[in-house]
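Residue-level listing of the chains:
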Amino acid sequence: MAGINSLNLISEYYSSSSENESEENKDHKQICESLSIPESIISWKGVPYHEEVVDDPLDHKGKIRTFKHERGNWATLVYINYTASDAMLCWIKSITALLPGESNIFFEQFHISLTRTLILKFHWIDSFVESLKKLCLNINKFSLELSDLKVYCNEERTRTFLGIRCCSNSILNYLISAIDNILGEYQLPPFYEDPSLHVSILWWLGDREDCVNKVIPSIVSSFNKFLADYIEENCVCINELYCKIGNKLYTFKLQ
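Residues numbered from 1 in each chain as written. Predicted model: local features only at pLDDT ≥ 70, side-chain atom pairs only at ≥ 80, totals over all residues. Heavy atoms only, no water.

Looking at an unreviewed UniProt entry, the protein carries the name U6 snRNA phosphodiesterase, with the source organism given as Odynerus spinipes. Within the UniProt record for the protein, the comment given under Subcellular location (unreviewed entry) is "Nucleus". In the Function (unreviewed entry) part of its UniProt record, the protein is described as follows: "Phosphodiesterase responsible for the U6 snRNA 3' end processing. Acts as an exoribonuclease (RNase) responsible for trimming the poly(U) tract of the last nucleotides in the pre-U6 snRNA molecule, leading to the formation of mature U6 snRNA." (UniProt positions renumbered as here; feature names shortened; annotations may be inferred.)

Put into structure tokens, the structure is as follows:
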């Protein structure tokens, strides 16, 4: 009888243990289910911190970037906007037949650069924009006079431009100098020492400077006739300053 009682006790022990383990497994399963990662999160795809953006010139008419996309770096340009009249646009279209090769028109991108294309760090943006804003509070509206035409080529010799030159004046010279001082605070390069201020109206891929210069006399003659016929096109009223940082555009009204 003692042996039978012992066996019963052992049987009851294992039965109790199995029930406890079953309950523990059930509780564990419930906890795991409650803590499971939602499918919506599982489907997320991370982006590597140092992901390299490959630039494809075909995305923008063959233009080649002069610097790589880099996290935290923002391409920046300070400039004056130039809105071409219908008469000016017609004249620009008319001279394309006189120019060599296939040219591209800056239809919605006419501007007068006041800086080089700069690399601005992300954490500089707010203070840089604020400095430009304060500067423009002390600059009055002014006018620029269009003078003649000139062929330009970028420093990398990857693009050639035909530009309408602008006569500088005291306000414009002060504005460029003041912007250079702001750039110096961020150890950024100043504008060109002897800048040729201009509105680029046409551009070509590659170094086409010599080729375009060969037909410049006839283009200049056409331009002078245009200004004589449309005297109001001689001057450009400047009411605002613009700064493009990455894909953001900032506008600063002059006084």
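Structure shown, so let's carry the discussion forward.
Novice: I'd like a description of the overall build of the protein, backed by residues and values.
Specialist: When its secondary structure is counted, the protein shows seven helices and 10 strands. Here the protein, with 255 residues, has 31% of them falling under the buried criterion. Long-range contacts, defined here as pairs at least 24 residues apart, represent 79% of the contacts in the protein between residues at least 6 apart. Surface accessibility of the protein: about 16,600 Å² in total, with carbon and sulfur atoms responsible for 52%. (Helix = DSSP H or I, 4+ residues; strand = E, 2+ residues; numbered from the N terminus. Buried < 20%, exposed > 50% of the residue type's maximum accessible area, 1.4 Å probe, protein only. Contact = heavy atoms within 4.5 Å. Areas by Shrake-Rupley, 256 points an atom, 1.4 Å probe, with all protein chains shown as cover.)

Novice: Which residues make up the packing of helix 4 (residues 125–136) against helix 5 (residues 170–185), and what are the values?
Specialist: Between helix 4 and helix 5, the least distance of the axes is 11 Å, while the angle of their chain directions is 155°. One finds that helix 4 runs roughly antiparallel with respect to helix 5. Between helix 4 and helix 5 the crossing geometry is right-handed. For the pair helix 4 and helix 5, the contacting residues are Phe128, Ser131, Leu132 and Leu135 in the first and Tyr174, Leu175, Ala178, Ile179, Ile182 and Leu183 in the second. (Axes fitted to C-alpha atoms, helices over the stretch in contact; angles between N-to-C directions. Parallel < 35°, antiparallel > 145°, perpendicular 65-115°, else oblique. Left-handed = near helix turned anticlockwise from the far one by under 90°.)

Novice: Describe the pattern of salt bridges, listing the residues and the values that go with them.
Specialist: For the structure shown, the criterion picks out six salt bridges. Across the pair Asp207 and Arg157 runs a salt bridge whose closest N-O atoms are separated by 3.1 Å. In this pair, Asp207 sits in the loop between strand 7 (198–205) and helix 6 (209–213) while Arg157 sits in the loop between strand 5 (142–153) and strand 6 (159–167), placing the two residues 50 residues apart along the sequence. Since its relative accessible area comes to 41%, Asp207 is described here as partly exposed. Two residues, Arg157 and Glu209, come together in a salt bridge whose shortest N-O distance is 2.9 Å. Within this pair, whereas Arg157 is found in the loop between strand 5 and strand 6, its partner Glu209 is found in helix 6, the two being separated by 52 residues in sequence. Counted as one network, the salt bridges with shared partners bring together Arg157, Asp207 and Glu209. (Salt bridge = Lys/Arg side-chain N within 4 Å of Asp/Glu carboxyl O.)

Novice: Describe the nonpolar core, and please don't skip the residues or the numbers.
Specialist: Soluble globular proteins tend to pack their nonpolar side chains together in the buried interior. Within the largest apolar cluster, 58 residues are counted, with the highest numbers of intra-cluster contacts made by Met88, Trp91, Phe128, Leu162 and Ile201. At seven residues, helix 5 tops the list of elements feeding residues into this core. For Trp91, the residues in contact, after removing those within four places along its chain, are Leu149, Ile201, Ile219, Ser222, Phe223 and Phe226. (Core = buried A, V, L, I, M, F, W, Y, C linked by side-chain atoms within 4.5 Å.)

Novice: Outline helix 4, supporting the account with residue identities and numerical values.
Specialist: Along its 12 residues, helix 4 runs 17 Å from first to last C-alpha, staying within 8% of the 16 Å computed at 1.5 Å per residue. When helix 4 is considered as a whole, its buried residues turn out to be Ile125, Phe128, Val129, Leu132, Leu135 and Cys136. Projected onto a plane normal to the axis of helix 4, the buried residues spread over an arc of 120° and lie on a single side. More than 90 degrees from the buried face of helix 4, the exposed residues found are Asp126 and Lys134. On its buried face, helix 4 sits against strand 1 (73–81), strand 4 (118–121), helix 5, strand 9 (240–245) and strand 10 (248–253). (Expected span 1.5 Å × (residues − 1). Arc of directions from axis to C-beta.)

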